[in-house]
Amino acid sequence: MKFTLSWLKDHLDTTASLDEIVETLTRIGLEVEGVEDKAKTLAPYTIAYVIAAEQHPNADRLRVCMVDTGAGKPIQVVCGAPNARTGMKSVFAPPGTYIPGKNITLGIGTIRGVESAGMLCSGSELEISDDHDGIIELPEDAPVGKAYAAYAGLDDPVIEINLTPNRPDCTSIHGIARDLAAAGLGTLKADAVPAVQGRGACPVSVTLDFVPGDEKLCPVFALRLVRGVKNGPSPEWMQRRLLSIGLRPINALVDITNYVTFDRGRPLHVFDLKKVKGNLTVRRAKAGEEVLALDGRTYALDSGTVVIADESGVESIAGIMGGEHSGSDEGTTDVLIESALWDPLNIAQTGRKHGIITDARYRFERGIDPAFTLPGLDLATQMVIDLCGGEPSEAVVAGQVPDTSRVIAFPWSEVPRLSGLDVRPAESEEILRKLGFKVEGSGERVNVTPPSWRPDIEGKADLVEEVIRIAGVDRIEPQPLARLEAAVAKPILTLIQKRTRLARRALAVRGLVEAVTWSFISKGEAELFGGGDPRLSLANPIAAELSDMRPSLLPGLLKAAQRNADRGFGDVALFEVGQTFASDEPEGQSIKAAAVRRGTARAEGVGRHWDGGAESVDAFDAKADVLALLAALGIPAGGLQIVSGGPAWFHPGRSGTLQFGPRNVVGAFGEVHPKILKALDLKGPLVAFELDLNALVPPKAKPTKMRPRLGLPDFQPLTRDFAFVVGRDVAAGDIVKAAQGAERQLIVGVDVFDVYEGTGIDPDKKSVAIAVTLQPTEKTLTDVEIEAVSSKIVAEVAKKTGAVLRS
Amino acid sequence: MTDLNQLERDLLSQVEAAGDEAALEAVRVSALGKKGSVSELLKTLGSMTPEERKERGPLINGLRDKVQTAIAAKKETLAEAALEARLAAERIDVTLPVPEAPEARGRIHPISQVIEELTAIFADMGFSVAEGPDIETDYLNFTALNFPEGHPAREMHDTFFLAPDEKGERKVLRTHTSPVQVRTMTSKAPPIRVIIPGRTYRHDSDQTHTPMFHQVEGLVIDKSANIAHMKWILEEFCKAFFEVDQVKMRFRPSFFPFTEPSAEVDIQCSRKGGEIRFGEGSDWLEILGCGMVHPNVLRNCGLDPDEYQGFAWGMGIDRIAMLKYGMPDLRPFFEADVRWLNHYGFRPLDIPSLVSGLTA
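Residues numbered from 1 in each chain as written. Chains lettered and ligands numbered in written order. Predicted model: local features only at pLDDT ≥ 70, side-chain atom pairs only at ≥ 80, totals over all residues.

**What about the overall build of chain B?**
Then comes step 1: Each helix and strand counted, chain B has 12 helices and 10 strands in total.
Then comes step 2: The C-alpha atoms of chain B give 42 Å as radius of gyration, which overshoots the globular expectation for 360 residues (21 Å, by more than 25%).
Then comes step 3: Along the first, second and third principal axes, the C-alpha set of chain B runs to 130 × 55 × 45 Å.
Then comes step 4: Looking at chain B as a whole, 41% of its 360 residues qualify as buried.
Then comes step 5: Relative to all contacts within chain B whose residues are 6 or more apart in sequence, the contacts with residues 24 or more apart total 65%. (Helix = DSSP H or I, 4+ residues; strand = E, 2+ residues; numbered from the N terminus. Rg over C-alpha atoms; globule rule 2.2 N^0.38 Å. Buried ≥ 20, exposed ≤ 12 C-beta atoms within 10 Å, placed from the backbone. Contact = placed C-beta atoms within 7 Å.)

See below:
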């Protein structure tokens, strides 16, 4: 919403400075977006007389001008404008002036060997018009030496406020003035509009043609004819104001409607009587109808759009834009003025559907003052009579102005209750009255009737806002919010919150870099990673590749790794801890932790190293990451099973599934499947893991924080090594498990320290060497006892895996 | 006597001359071994008369002790020399690099870091952390929060919708963290003090907007919480978060469907050479929106607005991260460019806390 200072002062009697006004507007909730004060920005520009303009000696297109700036000696200026000539008056900028249209600060220059001590300016250089064909030409009587901005009437500061959608009343300059007056910045000038006495009935009738229930689309429609007008350009003061706020003057009749739109927040429309055939009907458009609107575009209409039609068809899109056919022009002599009320919701939807943004829509969709429907018509009529002459008819009114009055029972104590600011009832009442509220009753509780122009006021909280925004939110002193309990703070994080935080730190400590990737991925990617449920597809994705809620963090991370590789950073290790989606229900959302390693980005070191290294990542790097994460999360490793193979996006022979029993799969790790690499256009080596943090069982609640007693045995542990030859498909884990099971009391550890395939071993076999640690608890073991345990181990491993001791 | 003295001189000079442990051992054997010269002398003691033994005994034993002591001393000297020699030979080039530690390579994303910072501050003020799903019902995202039917935010160009279900209802990607306010108020009796950090989505993508971003919401509900308390909470937060002693804040009356009265909050700052400093200067930077929870929202949550009251606020986590740490653009937050992450990310063990400070 834009307006000028002088226009504001038409409505507000004030001595406040521009700065005070601007500061107050923001303080009371009418946030000032910008102030354009041309008197300030154009201060150095003055009116000058070109005494002589002669051909530049060294350049065909330049002229050397001697300029009288009214400040003593003539000044020499080199000018390239084709219209620069002796005897003209134009606008002069001295050296040191900032030229907004060129974003330069002028200096004294030498142009092709001739000194130039200033500049004659075009409209575009001053950013006051698009005219850049030549320098500004001023009339002969323009006063040399005077400030150009003041002369041209550009010295009226333009203020733009960022209006919140709840304040339709401040789409009018009058409404803004009312708010400022309430805030103590002056007095609101009288706003009553004298009724116009029309003569004779309006020859055009209006029918509101709506099925029952649709009446709200147009509660009231008022129309009046003014006969015998002389249309033409509107007066200069009106044009100047409209131009200041960015409106193009058209003709007096149209300019009047635009003027009233801003002045009083009351959009109007004018029809040329000669172009209207028969009577007007207000109705929903019919499918197939179209209208050529004033913006020169043709709009195809449907029943969602309300239109004003005559006997030959649609003439106007209600509340949004008039039609080209029946618009007024210089030849208009009899004008119909429309002042109607439209349904805000319908106007918003229609405007959006057709993509039309107009000042009328802006106001109607916010909800304009219904009570000003007829005064608005009278105001416009009077302006037409004043500016264009003519004879008004009586108004024809279809429908009726809706009664929106409502009473809010308001205890004054509500203000301190909600705001913490003890505003006295007398002050609150004065604020409300100045804003146009009716306050009835006395004592603690009063009845407040909001004015017709404030559809946003629903209840007590709204009244509190009115009082404190005018009284000043800055008057509210911050007040400490006491703790709920005077006690040491209790822990606040939930288990999953703690695990999420811990997971991030644990993975970062392993040299992984945390990424945050989109929650949505392409449908193809979702399908490749176990997703693709149509219920998780967006109806309106922002881009095709961001269409489906991700079932896994891996597609985002894998693609990110590749993007880095494409930029020359191939050895990347990325992780993410974030939400994934298995369904559109809250329970379908779970937090996962995932990581990818690419190239040589291993935890132990990245890239080539003088002491060896440059080893490519493999599945065991991913396994080490996920096991480290489980350890950091304090998940007991006891029940964890690592099963060969993983989900389809991993290499089937180089991946593993992490589970606590077959029904509690928590994650997987491994090398990324070659088909995935191909489908996502990735280059390996790429390994990854993903772990579902929500699937991990919570720790058992314990009554105390006591650790189990530490029972330290009195005897040294001892280690025995065994080398087995087994089938190549036998899992080392099964050998370890079998060995552990051989003598549970004694065996405290089994480690695999060598795996060998090749010379000396059958091609379908491999050698696996384990070190078994025995921990005696009762007494030192004798050689015979150790031998017995060893035999048991060998027998158990042989039984479970078919292994034989390597000879 | 002369023999003994001579022998002593010979042996001691042999000890002294021994160049290594082997030579020294040879001397020891020749003197003190089974058939060594000193051992042989000691053997003669047995066949001596008591008088002879009384005279010769101390001399021979003395000789043995002297030789033993000399050998021990020489042994130590030789060992030391050998160690010196070994150490002199054992040299490494300590300037050779070791692999960069994983703790030095790992990074925490600024969003995660800032969420931990926020949590530390608000936990100290008695808040807990509430969360909710990213896929929300239209009711919780809009209706319960007092968004009227036909509000522009409910349109396809502002909000992401999922496919409609059998009943024609379509879920949305939450456009703000505020639906969690409703979830909290309907599941927990006041007093309520929560912050709600999380991912949010809007159908918007340009230089300064991304279709996904992060917000943190705060909610206080009890029987007396008012704007004065809200101002205190927000001022304390800003001071703690930006780690400055003073901030100047400006509460501008504004409008949100779910609060009344509502305000937008600006924070005073200076901008010098691209650096933003809070607590000084004359520029205002908008950082959050806030207000008293709208009576309709309280009612929608089953709370009587004449009995319960409270306030809520919301701000962009990405935005305050940018303000505090100086990232110029939003889009790289989600591009996973390791150059950006290495530069703006945090070290793995930079854990924000009020005890040791939010930042290292």
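**Notes on the overall build of chain A**
Then comes step 1: The number of helices and strands found in chain A is 20 helices and 44 strands.
Then comes step 2: Taking 28 Å as the expected radius of gyration for a compact globule of 807 residues, we find that chain A reaches 42 Å, considerably beyond that expectation.
Then comes step 3: Its C-alpha atoms give chain A principal-axis dimensions of about 125 × 85 × 60 Å.
Then comes step 4: With 807 residues in all, chain A has 42% of them scored as buried.
Then comes step 5: Considering only contacts in chain A between residues 6 or more positions apart, those separated by 24 or more positions represent 68%.

**Considerations on the UniProt feature "domain: Aminoacyl-transfer RNA synthetases class-II family profile" (unreviewed entry) in chain B**
Then comes step 1: UniProt feature "domain: Aminoacyl-transfer RNA synthetases class-II family profile" (unreviewed entry): in the numbering of this structure it lies at residues 112-332 of chain B.
Then comes step 2: Span residues 112-332 of chain B is 26% helix and 33% strand, its end C-alpha atoms 15 Å apart. (UniProt positions renumbered as here; feature names shortened; annotations may be inferred.)

**Notes on the interface of chain B and chain A**
Interface size is commonly expressed as the accessible area that is lost once the parts come together.
Then comes step 1: Each partner contributes residues to the interface: chain B has 69 residues there, and chain A has 76 residues.
Then comes step 2: Of the residues that constitute the side of chain B that touches chain A, the class distribution is 38 nonpolar, 15 polar and 16 charged. (Nonpolar A, V, L, I, M, F, W, Y, C, P; charged D, E, K, R; others polar.)

**Here we look at unusual backbone geometry**
Then comes step 1: The amide bond that connects Gly 684 of chain A to the next residue, Pro 685 of chain A, takes the cis arrangement and shows omega of -5°.
Then comes step 2: Position of Pro 685 of chain A among the secondary structure elements: in the loop between helix H18 (674-679) and strand S40 (686-692).
Then comes step 3: Residue Pro 191 of chain B follows Pro 190 of chain B across a cis peptide bond; omega there is 5°.
Then comes step 4: Along the polypeptide, Pro 191 of chain B turns up in the loop between helix H8 (179-187) and strand S4 (192-201).
Then comes step 5: Phi angles above zero are rare outside glycine, and Asn 103 of chain A is one such case at about 50°.
Then comes step 6: Its location among the elements puts Asn 103 of chain A in the loop between strand S8 (98-99) and strand S9 (104-105).

**Some words on the UniProt feature "binding site: Mg(2+)" (unreviewed entry) in chain B**
Then comes step 1: The UniProt record marks Glu 260 of chain B with the feature "binding site: Mg(2+)" (unreviewed entry), using the residue numbering of this structure.
Then comes step 2: Relative to the helices and strands, Glu 260 of chain B resides in strand S7 (residues 259-272).
Then comes step 3: Take Glu 260 of chain B: there are 27 C-beta atoms within 10 Å of it, and that puts it in the buried class.
Then comes step 4: Those residues in contact with Glu 260 of chain B, other than ones at most four positions away along the chain, are Ala 461, Asp 462 and Glu 465 of chain A together with Gly 291, Met 292 and His 294 of chain B.

**Remarks on the nonpolar core**
Then comes step 1: Ranked by size, the top nonpolar core spans 161 residues in total, and within it Val 384 and Val 467 of chain A together with Phe 311 of chain B carry the most contacts.
Then comes step 2: Once residues within four sequence positions are removed from consideration, Val 467 of chain A is found in contact with Val 415, Val 423, Ser 428, Ile 431 and Leu 432 of chain A.
Then comes step 3: If you look at the next biggest cluster of nonpolar residues, it comprises 73 residues, including Phe 529, Val 596 and Leu 629 of chain A together with Tyr 201 of chain B. (Core = buried A, V, L, I, M, F, W, Y, C linked by C-beta atoms within 7 Å.)

**Description of the domain arrangement of chain B**
Then comes step 1: The domains assigned to chain B are domain 1 (2-89) and domain 2 (107-344).
Then comes step 2: Taken over C-alpha atoms, the centre of domain 1 of chain B sits 90 Å from the centre of domain 2 of chain B. (Domains from an automatic or database assignment.)

**Considering the UniProt feature "domain: B5" (unreviewed entry) in chain A**
Then comes step 1: UniProt tags residues 403-478 of chain A as "domain: B5" (unreviewed entry).
Then comes step 2: Helix makes up 37% of residues 403-478 of chain A and strand 16%, with an end-to-end C-alpha separation of 41 Å.

**Observations concerning the sheet that holds strand S29 (residues 445-449) of chain A**
Residues and elements named next belong to chain A.
Then comes step 1: Spatial ordering of the open sheet is given by S27-S29-S28, a layout of three strands whose pairing is antiparallel. Each edge of the open sheet is held by one strand with a lone partner, namely strand S27 (408-411) and strand S28 (438-440). The mean angle between the axes of side-by-side strands here comes to 35°, regardless of whether they run parallel or antiparallel.
Then comes step 2: Pairing of S27 with S29, which is carried by four bridges, proceeds in the antiparallel orientation. Following the sheet pairing, Ala 409 is matched in S29 by Asn 447. (Pairing = 2+ DSSP bridges. Axes fitted to C-alpha atoms, helices over the stretch in contact; angles between N-to-C directions.)

**What to know about the domain arrangement of chain A**
Then comes step 1: Taken as a whole, chain A is organised into domain 1 (2-37 + 157-188), domain 2 (40-151), domain 3 (206-399), domain 4 (410-475), domain 5 (495-695) and domain 6 (718-805).
Then comes step 2: Placing the centre of domain 3 of chain A and that of domain 5 of chain A at their C-alpha centroids yields a distance of 61 Å.

**Structural notes on the pairing of strand S9 (residues 283-293) of chain B**
All names here are of chain B.
Then comes step 1: Across nine bridges, S7 lies against S9 in antiparallel orientation. The residue of S9 that forms the bridge with Glu 264 is Gly 289.
Then comes step 2: Where S9 meets strand S10 (residues 309-316), four bridges bridge the pair, whose relative direction is antiparallel. The residue of S10 that forms the bridge with Met 292 is Phe 311.

**Digging into the sheet that holds strand S1 (residues 2-4) of chain A**
Residues and elements named next belong to chain A.
Then comes step 1: Taken together, the three strands give an open sheet; going across it, the order is S1-S13-S3, and neighbouring strands pair in antiparallel fashion. The sheet is open, and its two edges are formed by S1 and strand S3 (31-36), each paired on a single side. Direction aside, the axes of adjacent strands within the sheet are offset by 25° on average.
Then comes step 2: When S1 meets strand S13 (residues 158-162), the two strands line up antiparallel, connected through three bridges. The residue of S13 that forms the bridge with Phe 3 is Ile 159.

**A short note on the packing of helix H12 (residues 425-434) of chain A against helix H13 (residues 460-471) of chain A**
Residues and elements named next belong to chain A.
Then comes step 1: Two numbers describe how H12 lies on H13: the axes approach to 9 Å, and their chain directions differ by 95°. Regarding the angle of H12 to H13, the classification is roughly perpendicular. Within the contact between the two elements, H12 uses Glu 427, Ser 428, Ile 431 and Leu 432 and H13 uses Leu 463, Glu 466, Val 467, Ile 470 and Ala 471.
Then comes step 2: Tallied by class, residues from the contact of H12 with H13 come to six nonpolar, one polar and two charged. (Parallel < 35°, antiparallel > 145°, perpendicular 65-115°, else oblique.)

**Topic: the confidence of the model for chain B**
Then comes step 1: Predicted confidence across chain B gives a mean pLDDT of 92, with 99% of residues reaching 70 or more.
Then comes step 2: Reported for the predicted complex are a pTM of 0.89 and an ipTM of 0.90. (pLDDT = per-residue confidence, 0-100.)

**Quick notes on the packing of helix H7 (residues 252-264) of chain A against helix H10 (residues 373-388) of chain A**
Residues and elements named next belong to chain A.
Then comes step 1: One way to put it is that H7 packs onto H10 with a least axis distance of 10 Å and a crossing angle of 140°. Put simply, H7 runs oblique to H10. Two packed elements cross with a definite hand, and for H7 against H10 that hand is right-handed. Where H7 approaches H10, its residues Ala 252, Leu 253, Ile 256, Thr 257, Val 260 and Arg 264 are matched on the opposing element by Gly 376, Leu 379, Ala 380, Met 383, Val 384, Leu 387 and Cys 388. (Left-handed = near helix turned anticlockwise from the far one by under 90°.)

**Some points on the UniProt feature "binding site: Mg(2+)" (unreviewed entry) in chain A**
Then comes step 1: Under the feature "binding site: Mg(2+)" (unreviewed entry), the UniProt entry names Asp 456, Asp 462, Glu 465 and Glu 466 of chain A.
Then comes step 2: Turning to its location among the elements, Glu 465 of chain A is positioned in helix H13.
Then comes step 3: Discounting residues that sit within four places of it in the chain, Glu 465 of chain A has contacts with Pro 253, Glu 260 and Pro 261 of chain B.
Then comes step 4: Mapped onto the elements of the fold, Glu 466 of chain A is located in helix H13.
Then comes step 5: The class of Glu 466 of chain A is buried, set by 26 C-beta atoms lying within 10 Å.
Then comes step 6: If we ignore the near neighbours within four places in the chain, the residues touching Glu 466 of chain A are Ile 431, Leu 432 and Leu 435 of chain A.

**Quick notes on helix H11 (residues 317-325) of chain B**
The α-helix winds at 3.6 residues per turn, so residues separated by three or four positions along the chain end up facing the same way.
Residue and element names in this part refer to chain B.
Then comes step 1: Along H11, the positions that sit buried rather than exposed are Ile 317, Asp 318, Arg 319, Ile 320 and Ala 321.
Then comes step 2: The elements touched by buried residues of H11 are helix H6 (110-124), S4, strand S5 (212-222), helix H9 (227-242), S9 and S10.
Then comes step 3: Note on H11: the residue one or two positions beyond its end, Gly 326, has a positive phi of about 85°.

**As for the environment of Val 748 of chain A**
Residue and element names in this part refer to chain A.
Then comes step 1: Assignment of secondary structure puts Val 748 in strand S42 (residues 747-756).
Then comes step 2: Separated by 747 residues in the primary sequence, Val 748 and Met 1 have C-alpha atoms spaced 79 Å apart.
Then comes step 3: Contacts of Val 748, omitting those with residues within four sequence positions, involve Pro 717, Thr 773 and Gln 775.

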